[in-house]
Amino acid sequence: MKRLKKGLFQKSQNYSRRQLVIQIIFASLVVVFFFRIINIYQIDAGGISIQKKASKQAELTSSVQARRGDILDRHGDVLASNLILKKINLDSTQIQTAFIPKLAQALMMPEKKLRKIIKKKLSKHAGRKNLIIKQNLRLTNPILEKIKALKKIRLKICKIKRKKKQINFLDTVLIFTKLKADKPTDSRVEACKREQIKGVRLQTDTRRYYPKSAALAPLIGRINHNKKGISGIEGEFESILAGQNSLTHLGFNSDSQGAYFNPIVHKALKHGQDIQLTIDTNVQFHAYAAIKKAVEKHEANSGSAIILKPNGEILAMVNYPADDPNNKALYNPKHYRNRVLSDKLDPGSTVKPFTMLLALEKKKITAKDDELIDVTKRIGHLKPDKKYKYMTVKKILQKSHNLGTVNVAERLTKEDLYDTWSKLGFGRPLGLIPSIENSGLLRYYSDWSKADKRSLSFGYGPMQTNLAQLARAYLVFANDGAIPSLKLINGIATNKQKTQVFSKQTTHRIAELLDAVVSLKGSGYRARIKGYSVAGKTGTAEMVINGRYNKNGAKRTFFTGFVPVKKPKYIMAVRLDYPKKCYAYYKPYSKISCKGSNSAAIVFKEAMENILNSDQSVKLLAKKQS
């Protein structure tokens, strides 16, 4: 009996000790738990308190993309705009295998191809969650409706899950205190449920669209993959067109009443502004078609043209070759070169009318039909051609005679020539697209030699110009001897004052003589347009290659003219670079040297004829003048 009592006592004592140990462990855990709660704000995590870290994680910075402004022509027709498009972004880590056949059908692509693309994406270590499978989808694209319908479908999706065996509280405590080894036992269980497709996102995107394709590409320019303008109007006016994205900071505010986040706007949303050009898309189309045809027909390196209104507004600015900016696979920097503004060149005989204008203004010539200029004597390097002995000013312009022009220029001073060319705008920036514009060259007259002065009179020597400056100089014939500033952008203030260069009487007289240039006996006979009076001047200039004038046929050809002769409405300058294939009208199959008369003049005629035929106001004016 004593042994039995003693054994029961020992068992009870051992049980009490175990119970006491468990109670002590449990109490310790409770103490640690409360200690953690009390000190949670005092614990550092990465150099900052847990409280601050939690607050920082609750903060959010959001941004809204500004809409890029449109580029419009003078009538409001769109030249560049943003298309609202959709793209389909797949998260390859979420897409259920059972949905792949239906997803392939919705995307209108082979299932095998889709599986291969997804498998390849999954094999990568990073970027697996973003797979742009379709992009640039118009809102009417049938794929979008198919994807929307697919998202409503539910399929039975089965997954194998690992189920961990539950353990009681006592074992949990013992494992936590490492008094017992943790030996988890798992079981695999198949779980099935009906699910919708995951990992398919329809996202809104925008794409810059250029309705006029290549016809305006060098002028309008293009944007890069970051949607920033890099050339032309797009690049020059990037800050105006792009606008400003919004930037809003949402942060935790413990003092706020009822509002958890306190929004702070760092940048307000400003959508890009529209820009309206003075360009007329109808005029631009006809000019581009004529230039493109001429470059290909005459096998020229390139061609360009500009058309102005009498008030200086630019109606067309054409360059060819040019790429379609809508085709991102095509990009040749040369095809986005705006040669009208960026290239400085020798304009050749197209400046001869200004030599005659100045001489008549200074009363050094009369420009009458009975006035004869001696062209039998050599002047400098220019020798008589033995074809003419005496020529009128009309004949000199009509035949584009260099020796006759220099004979007249000998009567003028260097200072007078410099002042006049400067007033005409040569060597001075136009301020149209400053980042690409080449303002040309006009050396000060004190540095001129006799040869410089003589060559200046027929488009060489101490001056070089771009095509836009040359066209602007011809505005004197549409403004009674005055010259206005050029204008390309509506809404931007420009100098409205005109610079008076020649008198009204002088200008009208030389304009009458230029009318004779565009006649059957003149060098510009190919610029004639039936039913209209046309005046202008041809030009041919040797190209500078490797720092020297090329003597092997590399030339630029020009024609600059206006129509009608009285009260002109259109002024156009044309340039072709190194045309190699030209023909004479009397020998249509016999190749001859290309000049302004048989290349550039043709461009003027073909472009301007179509423009005039679509302009009823000019038709009425032509009838009145006739």
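Details of the structure are given in the entry above.
Here's what I pulled together on the structure shown here. (Residues numbered from 1 in each chain as written. Predicted model: local features only at pLDDT ≥ 70, side-chain atom pairs only at ≥ 80, totals over all residues. Heavy atoms only, no water.)

1. Quick notes on the overall build of the chain
Under the convention used in this document: A run of H or I in DSSP becomes a helix once it reaches four residues, and a run of E becomes a strand once it reaches two; helices and strands are each numbered from the N terminus. Throughout this description, buried means an accessible area under 20% of the type-specific maximum (1.4 Å probe, protein chains only), exposed means over 50%, and partly exposed covers the range between. Only heavy atoms enter the contact rule, under which two residues are in contact if any of them lie within 4.5 Å. To be clear on the numbers: accessible area is Shrake-Rupley with a 1.4 Å probe, and residue cover counts the displayed protein chains and nothing else.
Scanning the chain from N- to C-terminus turns up 20 helices and 27 strands. Each of the 626 residues in the chain was classed as buried or not, and the buried ones make up 44%. A separation threshold of at least 6 residues defines the contact pool for the chain, and within that pool the share at least 24 residues apart is 69%. For the chain, the exposed surface amounts to about 34800 Å²; the carbon and sulfur share of it is 52%.

2. Quick notes on helix H14 (residues 402-409)
Counting buried positions over the eight residues of H14 gives seven, a clear majority of the element. Turning to H14, its buried residues number three or more, namely Leu403, Gly404, Thr405, Val406, Asn407, Val408 and Ala409. Summarising the contacts, the buried residues of H14 are in contact with helix H12 (352-361), strand E15 (373-374), helix H13 (393-399) and helix H16 (450-456).

3. Considerations on the side chain of asparagine 319
With respect to the helices and strands, the residue asparagine 319 is situated in strand E14 (residues 314-320). Not counting chain neighbours up to four residues away, the residues in contact with asparagine 319 comprise Pro218, Tyr288, Gly303, Ser304, Arg337, Asn338, Arg339 and Val340.

4. Brief notes about a positive patch on the surface
Convention followed: Like charges within 9 Å and nonpolar side chains (Val, Leu, Ile, Met, Phe, Trp, Tyr) within 5 Å are joined into patches, using only residues over 30% in relative accessible area that form no salt bridge. Counted as salt bridges are all cases of a side-chain nitrogen of Lys or Arg within 4 Å of a carboxyl oxygen of Asp or Glu. Positive charge is attributed to Lys and Arg, negative charge to Asp and Glu, and no charge count is given to His or to the chain ends. To locate a charge, the coordinates of NZ of Lys, CZ of Arg, CG of Asp or CD of Glu are taken.
A cluster of basic residues, Lys112, Lys116, Lys120 and Lys124, forms a positive patch on the protein surface. Overall, the relative accessible area of 42% leaves lysine 124 in the partly exposed class.

5. So, the packing of aromatic side chains
The following threshold applies: Stacked, tilted and edge-to-face are the three classes assigned to paired rings of Phe, Tyr and Trp, where Trp is represented by its six-membered ring and a pair needs centres within 6.5 Å; plane angles under 30 degrees give stacked, over 60 edge-to-face, the rest tilted. The criterion for a charge sitting over a ring is simple: Lys NZ or Arg CZ within 6 Å of the ring centre, and within 35 degrees of the ring normal.
Per the counting criterion, the structure on display carries 14 aromatic pairs. Each member of the aromatic cluster is reached from another via a ring pair, and the members are Phe354, Trp421, Phe426, Tyr474, Phe477 and Phe562. Taking NZ or CZ as reference, arginine 138 lies 6.0 Å from the ring centre of tyrosine 209, over its face. Across the ring face of tyrosine 336, the terminal group of arginine 222 is positioned such that the distance to the ring centre comes to 5.6 Å.

6. Structural notes on the pattern of salt bridges
If you walk through the whole model with that rule in mind, you get 21 salt bridges. Close ionic contact of glutamate 410 with arginine 454 constitutes a salt bridge, the shortest N to O distance being 3.2 Å. Note that glutamate 410 is positioned in the loop between H14 and helix H15 (414-423) and arginine 454 in helix H16, a separation of 44 residues in sequence. Because the salt bridges share partners, they merge into one network encompassing Arg337, Asp343, Arg556, Arg575 and Asp577.

7. So, helix H10 (residues 281-297)
This is how it is decided: What a helix is expected to span follows from its residue count: subtract one and scale by 1.5 Å. Between N or O atoms, a polar contact is any pair within 3.5 Å; within protein, one atom must be a potential hydrogen donor and the other a potential acceptor, and residues adjacent in sequence are included only when both atoms are from side chains.
Over its 17 residues, H10 extends 24 Å from the first C-alpha to the last, a length consistent with the 24 Å expected when each residue adds 1.5 Å. Taken as a whole, H10 has its buried residues at Thr281, Val283, Gln284, His286, Ala287, Tyr288, Ala290, Ile291, Ala294 and Val295. Where the residues of H10 are buried, they touch strand E5 (78-90), strand E13 (302-308), E14, strand E25 (570-577) and helix H19 (600-613). The N-cap residue of H10 is aspartate 280: its side-chain oxygen and the backbone nitrogen of asparagine 282 are 2.9 Å apart. Two residues or fewer after H10 comes glutamate 299, characterised by a positive phi angle close to 55°.

8. Digging into the packing of helix H3 (residues 100-107) against helix H4 (residues 111-122)
The following threshold applies: Lines fitted to C-alpha atoms define the axes, with helix axes restricted to the stretch in contact, and inter-axis angles between N-to-C directions lie between 0 and 180 degrees. Note that the term roughly parallel is reserved for angles under 35 degrees, roughly antiparallel for angles over 145, roughly perpendicular for angles of 65 to 115, and oblique for everything else. Residues are grouped as follows: nonpolar covers Ala, Val, Leu, Ile, Met, Phe, Trp, Tyr, Cys and Pro; charged covers Asp, Glu, Lys and Arg; every other residue, Gly included, is treated as polar.
H4 packs onto H3 with a crossing angle of 110° between their chain directions and a minimal axis gap of 9 Å. One way to sum up the angle between H3 and H4 is to call them roughly perpendicular. Along its contact with H3, which presents Ile100, Pro101, Leu103, Ala104 and Leu107, the element H4 presents Glu111, Leu114, Arg115 and Ile118. Grouping the amino acids of the contact of H3 with H4 by side-chain chemistry returns seven nonpolar, no polar and two charged.

9. Some remarks on the state of the cysteines
Stated formally: Count a disulfide wherever a pair of cysteine sulfur atoms falls within 2.5 Å.
Here the structure, examined in full by the defined rule, presents two disulfides. Each sulfur of the disulfide joining cysteine 158 and cysteine 192 lies 1.9 Å from the other. Its S-S torsion of approximately 115° makes the covalent link between cysteine 158 and cysteine 192 right-handed. On the criterion of sequence distance, the pair formed by cysteine 158 in strand E7 (residues 154-164) and cysteine 192 in strand E8 (residues 186-196) is long-range, its members being 34 residues apart. The disulfide partner of cysteine 582 is cysteine 594, and the S-S distance across this bridge is 2.0 Å. Residues cysteine 582 and cysteine 594 are joined through a disulfide that is right-handed, its torsion about the S-S bond being 110°.

10. Some points on the pairing of E14
Inclusion rule: Criterion used throughout: strands pair if DSSP finds at least two bridges between them.
Where burial is concerned, most of E14 is hidden: seven out of the seven residues are buried. Counting the residues that bridge the hairpin from E13 to E14 gives five residues, and of these glycine 312 lies at a positive phi of roughly 95°.

Function-wise, these values are silent; they only describe arrangement.
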